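The primary structure of each chain is shown beneath.
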Amino acid sequence: MTQDLRSSPLPPVTAADRVRGPAGAPVVTVYADFECPYCAALELQLRAAELRVCFRHFPVRSKHPRAWPAAQAAEAAALQGAFWEMHDALFADVARLEDPHLWARAERLGLDVGRFVADSRAEAARERIQQDFRSGIRAGVAATPTLFMPDGERISGRPEAATLARLGA
Amino acid sequence: MAVVGPGSPAPPFSLARHEGKPFTNADLEGQATVLVFYPFAFSPVCTDQLQIYNEVLDEFGERGATLYAVSCDATHAQEAFRRSLNIEIEQLSDFEPKGATCAAFGVLHPGGFPQRALVVIGPDGIVRWSYMAPSPGDLPGANLIFDGLDAV
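These numbers were taken from a predicted model, which means no experiment stands behind them.

S.K.: How do you make sense of the pairing of strand 7 (residues 127-132) of chain B when you look at a structure like this?
M.R.: Looking along a regular strand, one sees the side chains alternate between the two faces of the sheet. All names here are of chain B. Of all the six residues making up strand 7, five are buried; the element is thus mostly covered by neighbouring parts of the structure. Of the pairings in the sheet, the one linking strand 6 (residues 117-121) to strand 7 comprises five bridges and is antiparallel in character. Each bridged residue has a counterpart across the sheet, and for Leu 118 the counterpart in strand 7 is Tyr 131. If you look at the hairpin formed by strand 6 and strand 7, you'll find five residues sitting between the two strands, and Gly 125 has a positive phi there, around 85 degrees.

Spelled out as structure tokens, the structure:
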């Protein structure tokens, strides 16, 4: 049942996930939206810490009309081995997410722009984003960003300084 | 005060729709209804909650349920809020007599605003499931509503 949105535990991090950070470091999972400034701030804070970060898409259309195209851009970049480069480039300027801004980022990252545009519009990208979004809904994500701590604790919205301190961030 | 629980009929109530028409027990008939009580229009926490529910409105529809958001704000404020959020969820106002429906459902905070609560009512007007957040800052996920709809 693909439409099932009833409660379900946070899916464990697998090889199919987007993960970066030192091997063996504690793993956090973030559900985020590329147009969300609080998500951008959180990503910067997490990047500075000794953590493995798993990124999952949670674009909220009504709040952030460009969140979906930005997520699609990240997925298209992933097909050319540049997910995190695009992820960082998107969060570096959440106010510039129109199509020409996305194409310019692809070009700057040295991607094949024609392929990037086609891949960003492909059903596969949409499906992957939707799959992340649904897993977030089922795990109780009700705000962006939502951070799942290494022990599975769910932190909705902007984490407090004390929470980040627990992560060394 | 406890939120009305499963098995109880929805208490007699009347809320105002945006166009000024009343929304009452008669409007519950024939479909599952989800009432989302939220404290205030334009408070930042509700904003995320309603926008995320709005993302899965189609799925609520597929489950035969219609979602309404309820607060004690005036209809005009609710409509401005709905537009600013860019969402479709219909707003119902408990402005006059203020908080009467919230009190009847057991979700009126002593401060004069709804607690953050969810109530699922069956097509027969019987409450099937309800939830009240432990504090207004706690955001219940849409998953809880989908769980609650299993009881319809």
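Here the narrative resumes.
S.K.: Sorry if this is basic, but what is going on with the nonpolar core here?
M.R.: Inside soluble globular proteins, nonpolar side chains tend to come together where they are buried. Among the nonpolar cores identified, the biggest contains 90 residues, and Phe 34, Ala 70 and Ala 77 of chain A together with Val 34, Val 36 and Val 120 of chain B are the most heavily contacted of them. Of all the elements, helix 2 (residues 67-78) of chain A adds the most residues to this core, at eight residues. Those residues in contact with Val 34 of chain B that sit more than four places away from it in its chain are Phe 60, Ala 65, Leu 67, Leu 118, Val 120 and Ile 145 of chain B.

S.K.: Honestly, the interface of chain A and chain B in this entry has me stumped. Any pointers?
M.R.: One frequently used descriptor of interface size is the decrease in accessible area upon assembly of the parts. Of the residues lining the interface, 16 residues belong to chain A; the matching set on chain B comes to 20 residues. By residue class, the composition of the side of chain A that touches chain B is six nonpolar, six polar and four charged.

About the thresholds
- Residues numbered from 1 in each chain as written.
- Chains lettered and ligands numbered in written order.
- Predicted model: local features only at pLDDT ≥ 70, side-chain atom pairs only at ≥ 80, totals over all residues.
- Buried ≥ 20, exposed ≤ 12 C-beta atoms within 10 Å, placed from the backbone.
- Helix = DSSP H or I, 4+ residues; strand = E, 2+ residues; numbered from the N terminus.
- Pairing = 2+ DSSP bridges.
- Core = buried A, V, L, I, M, F, W, Y, C linked by C-beta atoms within 7 Å.
- Contact = placed C-beta atoms within 7 Å.
- Nonpolar A, V, L, I, M, F, W, Y, C, P; charged D, E, K, R; others polar.

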